Amino acid sequence: MKRPGLIETGRNSRAIGRRDDRSPQGEDRDAEEAGYYDLSMLKPPVWKWEIASYFFLGGLSAGAYLLSRLAARFGGRSMEGVRSVGTAVAAIAALPCAPLLIKDLGHMSRFHHMLRVVKPESPMSVGTWALTVYSAAVALSAVQEWLGSESLDGAAKRRIAAALERGRPIMVTALDGAGIPAALVMISYTGVLVSCTAIPAWSRQAWLSPLFVASGMSTAAASIQLGLAATREGEEPTAAEAALEKIESVARLAEAVSLGGYLRSAGPLARPLTHGKLAHHTLLAAAALAIPEAIHHLLPGKPSRWKTYLAAGITLAGGMSLRWAVVHAGRESANDPHAARQASGPSHPEQGRLSLRESSADRLLSRSERRL
Amino acid sequence: MNPLTPPLDVLLNAFPPRYTPVPDPEDEPTARMGFFTDTTLCIGCKACEVACKQWNQLPSDGLDFTGNSYDNTGHLSQSTWRHVAFKERHSEDGTSRWLMMSDVCKHCEEAPCLQACPTGSLIYNEFGDVYLQNDICNGCGYCVVACPFGVLGRSDEDGHAHKCTMCYDRQSDGMEPACAKVCPTNSIQFGPVEELREQAKKRVEQLQERGRESAYLYGADAFEEYSSLNAFFLLEDHPNHYNLPEQPKHPFKGQGVRYAVGIAAGVALSAVSALFLARED
């Protein structure tokens, strides 16, 4: 653990010995004395870029899977693209998920060891199982999609397809029955996971889960849209793309509400997201909620392929930025001694205070709390 | 707290934390064991830190000069299971005093780390201590962020989490943990938690009779919304001065509600999406 020494910083020297300099730094010294030097009582998360990327890809994949299943169930012929491209996006985005988690754990075998226990009260265990069931469902859906496609032909394939055709309704029901609930857990559990921690910026924040859900949906719709735009013939968006654009708008609205709700309920505890080096990530995530709308509705000219590319690209960048900011904010938040003290304060300051006599320590503390 | 409507109440109480008793009733009855750390007796000799490192063969933390009084350790970690905190307190009247406390894993009665652990590596052992079986730890790091006291750490060397075992090996052989054994002033006391609590309460009364009225127990009884601690402390100042949370919060409280909110958001967005996708032809 490396920390600035006594000589480099004036802060420490004040905290240690020079008690006589009451002012003008007296207030400052009080604030430092309210805690244990400049050290936080919490440990920072060990999660890094692997987890931020996994949160992004897992959400995107689950969202794409949900959209493709919805298109298969409720969409007509014009929505077939959403089904096939959605399945492909879900499968491609799900591919790196397990390797990213294994990278974080350090050993291949450790992912397998996760599956020795089912523990519903631990979101980490729930997530591992959701990812496992979901990955299997998405892989089977992708195989099914491939068998139904016209890109491949041959006697072998026809035989498999014919064999599967008889069991198809049962298989589809079974797949959806396992895959859709797993996808719903996949898309939402990451927010619950970070909220079940002592990290001040995350701890018990109920908005994080809908925030990740909405972001998962908007990025999924954007990537399917990218896939459809790349394969369409004319410049005019198809009916499927128009539907996806509407879905994206609704998801972005939900994301904006959740982000606002989170920042409001976390208040000063969300400071790492709004100040310092993560602020531009949060800003990009927030801007990506409005810019695509502006591109589609305010930019002059007819709808074009490039507009779609640009808008969808910004949505994807915003989704990744959001996960990056939230995951990395945990580290800053845990290392902030003020945040940790504030988050563990009494819920009812008057009754909750421990049976301490009103000492100078209390006065110092309440003064520093006011400053926060 | 406001009166809750029944379904919300059910969700709030979903996934209840596990309580201490795990030992089989068939086993011979053993009392729950714990630590009572009396900071008024601590002389800051750090013998507990050294004894812990030696007995448990923990690696060194390197040589760092923090400038924070006599504390160059900083905090508990994967390689430091006892940490002696030194806090210099200077009061308005010009007098100064030292707060010294040997910090340790609190062995919470409802431990969030134990609930977080996805592999069942963290358990309550037969002595009622929170024990981490690091051979089956997967290194997911969830316990690190679940602990409201910042006790656990993940080692970069083996990728496992590590923490105080309350010297499980020594206890199994009928010995007290190394830190309690070595403590020259009996600041660290080890024994059945119930007995320690009685003892600690008498000690607080004794101190208060002598005029040290700020003495109080931290973690001997349950907090506002957190369980009692099997390793509790006698403190003489605000907990934050010892780098302890004033009112620790259980991170898993309301987990069911947060799941419900997330899933509901997913279902709602799916329903809206279905409308848009179904509208064409």
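Residues numbered from 1 in each chain as written. Chains lettered and ligands numbered in written order. Predicted model: local features only at pLDDT ≥ 70, side-chain atom pairs only at ≥ 80, totals over all residues. Heavy atoms only, no water.

Caption draft 1: Structural context of the overall build of chain A. Counting its secondary structure elements, chain A contains 17 helices and zero strands. A total of 372 residues make up chain A; the buried ones form 52% of that total. In chain A, the share of contacts with a sequence separation of at least 24, taken over all contacts with a separation of at least 6, comes to 75%. Entry remark: accessible area of chain A is about 16,100 Å², with carbon and sulfur atoms responsible for 63%. (Helix = DSSP H or I, 4+ residues; strand = E, 2+ residues; numbered from the N terminus. Buried < 20%, exposed > 50% of the residue type's maximum accessible area, 1.4 Å probe, protein only. Contact = heavy atoms within 4.5 Å. Areas by Shrake-Rupley, 256 points an atom, 1.4 Å probe, with all protein chains shown as cover.)

Caption draft 2: Spatial organisation of the sheet that holds strand 1 (residues 33-38) of chain B. Residues and elements named next belong to chain B. With respect to topology, four strands assemble into an open sheet ordered 8-1-10-9, the strand pairing being mixed. Sheet topology places strand 8 (188-192) and strand 9 (216-218) at the edges, where each strand pairs with a single neighbour. Within this sheet the neighbouring strands show an average axis-to-axis angle of 25 degrees, counted without direction. The pairing of strand 9 with strand 10 (residues 231-235) spans three bridges and is antiparallel. (Pairing = 2+ DSSP bridges. Axes fitted to C-alpha atoms, helices over the stretch in contact; angles between N-to-C directions.)

Caption draft 3: Focus on the pairing of strand 2 (residues 82-90) of chain B. All names here are of chain B. In terms of residue burial, strand 2 counts as a mostly covered element, since nine of its nine residues are buried. Here strand 2 shows a buried face lined by Arg82, Val84, Phe86, Glu88 and His90 and a second buried face lined by His83, Ala85, Lys87 and Arg89. As judged from the nine bridges shared by strand 2 and strand 3 (residues 96-104), these two strands associate in the antiparallel manner. By the bridge assignment for strand 3, Lys87 is matched with Leu99. Hairpin geometry of strand 2 and strand 3 is characterised by an intervening segment of five residues between the two adjacent antiparallel strands and by a positive phi of about 95 degrees at Gly94.

Caption draft 4: Highlighting the interface of chain B and chain A. In this complex, chain B contributes 93 residues to the contact, which on the side of chain A involves 98 residues. Carbon and sulfur atoms supply 57% of the area that chain B and chain A bury against each other, a total of about 8,000 Å² over both sides. Broken down residue by residue, the surface that chain B buries against chain A is led by Asn138, Arg258 and Leu277 of chain B, which jointly contribute 9%. The residue Arg204 of chain A makes a salt bridge to Glu225 of chain B at a minimum N-O spacing of 2.8 Å. Elements with a minimum of two residues in the side of chain B that touches chain A: strand 2, helix 3 (112-116), helix 4 (142-146), strand 9 and helix 8 (255-279) of chain B. The element contributing the most residues to the side of chain B that touches chain A is helix 8 of chain B, with 18 residues. In terms of residue class, the side of chain B that touches chain A is made up of 38 nonpolar, 35 polar and 20 charged. (Buried area = accessible area lost by both parts, 1.4 Å probe. Salt bridge = Lys/Arg side-chain N within 4 Å of Asp/Glu carboxyl O. Nonpolar A, V, L, I, M, F, W, Y, C, P; charged D, E, K, R; others polar.)

Caption draft 5: Looking closely at the packing of aromatic side chains. Taken as a whole, this structure holds 18 aromatic pairs over all chains when the rule is applied. Ring centres of Phe86 of chain B and Trp98 of chain B lie 6.1 Å apart, and the angle between their planes is 75 degrees; this geometry places the pair in the edge-to-face category. With Phe86 of chain B in strand 2 and Trp98 of chain B in strand 3, this pair connects stretches of sequence that are 12 residues apart. With a relative accessible area of 41%, Trp98 of chain B lands in the partly exposed category. Taken together through their ring pairs, the aromatic side chains of Trp47 and Trp202 of chain A together with Tyr142 and Phe252 of chain B make up a single cluster. Note that Arg323 of chain A overlies the ring of Phe212 of chain A, its terminal NZ or CZ placed 5.0 Å from the centroid. Above the ring of Phe35 of chain B, the side-chain terminus of Arg82 of chain B is found at 4.6 Å from the ring centroid. (Phe/Tyr/Trp six-rings, centres within 6.5 Å; stacked < 30°, edge-to-face > 60°. Lys NZ or Arg CZ within 6 Å of the ring centre and 35° of its normal.)

Caption draft 6: Highlighting empty space enclosed by the protein. All names here are of chain A. Evaluated as defined, the whole model comprises 10 cavities of 30 Å³ or more. Quantified by volume, the largest cavity comes out at close to 170 Å³. Taken together, 16 residues make up the lining of the largest cavity; nearest its centre are Ile51, Leu101, Met114, Met124 and Tyr189. Ranked by the residues each element gives to the lining of the largest cavity, the list is headed by helix 7 (residues 123-148), at four residues. Class assignment of the residues belonging to the lining of the largest cavity gives a composition of 13 nonpolar, two polar and one charged. (1 Å grid on protein atoms, 1.4 Å probe; cavity = no way out; pocket = protein on both sides within 12 Å on 5 of 7 lines; lining within 4 Å. Points joined across faces, edges and corners; volume = space filled by probe spheres on them.)

Caption draft 7: Molecular detail of helix 10 (residues 239-266) of chain A. An ideal rise of 1.5 Å per residue puts 40 Å on 28 residues; helix 10 of chain A measures up with 40 Å between its terminal C-alpha atoms. Following helix 10 of chain A by one or two positions, Gly267 of chain A adopts a phi angle in the positive range, close to 55 degrees. (Expected span 1.5 Å × (residues − 1).)

Caption draft 8: Layout of the pairing of strand 8 of chain B. All names here are of chain B. Of all the five residues making up strand 8, four are buried; the element is thus mostly covered by neighbouring parts of the structure. Pairing between strand 1 and strand 8: five bridges, direction antiparallel. Its bridge partner lying in strand 8, Gly34 is registered against Gly191.

Caption draft 9: Spotlight on the nonpolar core. Grouped together as the largest cluster of nonpolar side chains are 100 residues, with contacts concentrated most on Trp47, Tyr54, Leu67, Val82, Tyr134 and Ile224 of chain A together with Tyr142 of chain B. Counting residues per element, this core draws most heavily on helix 3 (residues 49-74) of chain A, which supplies 14 residues. Taken together, domain 1 (1-16 + 253-281) and domain 2 (18-251) of chain B each give at least three residues to this core, which thus spans both. Core analysis: the next-biggest nonpolar cluster, separate from the first, contains 50 residues, Met33, Leu76, Phe127 and Cys137 of chain B among them. (Core = buried A, V, L, I, M, F, W, Y, C linked by side-chain atoms within 4.5 Å. Domains from an automatic or database assignment.)

Caption draft 10: Inspection of the confidence of the model for chain A at higher detail. Residues and elements named next belong to chain A. Chain-level pLDDT for chain A is 83 on average; 82% of the residues reach the 70-or-more range. Overall, residues 1-32 carries pLDDT values under 50, and its contacts beyond four positions in sequence, including any with other chains, amount to 61 contacts. Overall, residues 350-372 carries pLDDT values under 50, and its contacts beyond four positions in sequence, including any with other chains, amount to 47 contacts. (pLDDT = per-residue confidence, 0-100.)

Caption draft 11: Inspection of the pattern of salt bridges at higher detail. Enumeration over the complete set of coordinates arrives at 20 salt bridges over all chains. Between Asp176 of chain A and Arg73 of chain A there is a salt bridge, with its nearest N and O atoms 3.0 Å apart. With Asp176 of chain A in helix 8 (residues 155-195) and Arg73 of chain A in helix 3, this residue pair connects regions lying 103 residues apart in the sequence. Residue Asp176 of chain A is classed as buried on the basis of its relative accessible area of 7%. Using a relative accessible area of 49% as the deciding quantity, one classes Arg73 of chain A as partly exposed. In this structure, Glu194 of chain B and Arg197 of chain B form a salt bridge, with 3.1 Å as the shortest nitrogen-oxygen distance.

Caption draft 12: Examining unusual backbone geometry more closely. All names here are of chain B. For Lys46, which is not glycine, the phi dihedral falls at a positive 65 degrees. Counting through the fold element by element, Lys46 comes out in the loop between strand 1 and helix 2 (47-56). A relative accessible area of 21% places Lys46 in the partly exposed class. Positive phi, close to 60 degrees, is recorded for Asn186, a residue that is not glycine. The residue Asn186 is located in the loop between helix 6 (178-182) and strand 8 in this model. Overall, the relative accessible area of 44% leaves Asn186 in the partly exposed class.

Caption draft 13: Summary view of the packing of helix 9 (residues 208-231) of chain A against helix 10 of chain A. All names here are of chain A. Direction vectors running N to C along helix 9 and helix 10 enclose 155 degrees, while the axes themselves pass 8 Å from each other. Classified by the angle between their axes, helix 9 and helix 10 sit roughly antiparallel to one another. Between helix 9 and helix 10 the crossing geometry is left-handed. Residue composition of the contact of helix 9 with helix 10, grouped by class: 17 nonpolar, four polar and five charged. (Parallel < 35°, antiparallel > 145°, perpendicular 65-115°, else oblique. Left-handed = near helix turned anticlockwise from the far one by under 90°.)

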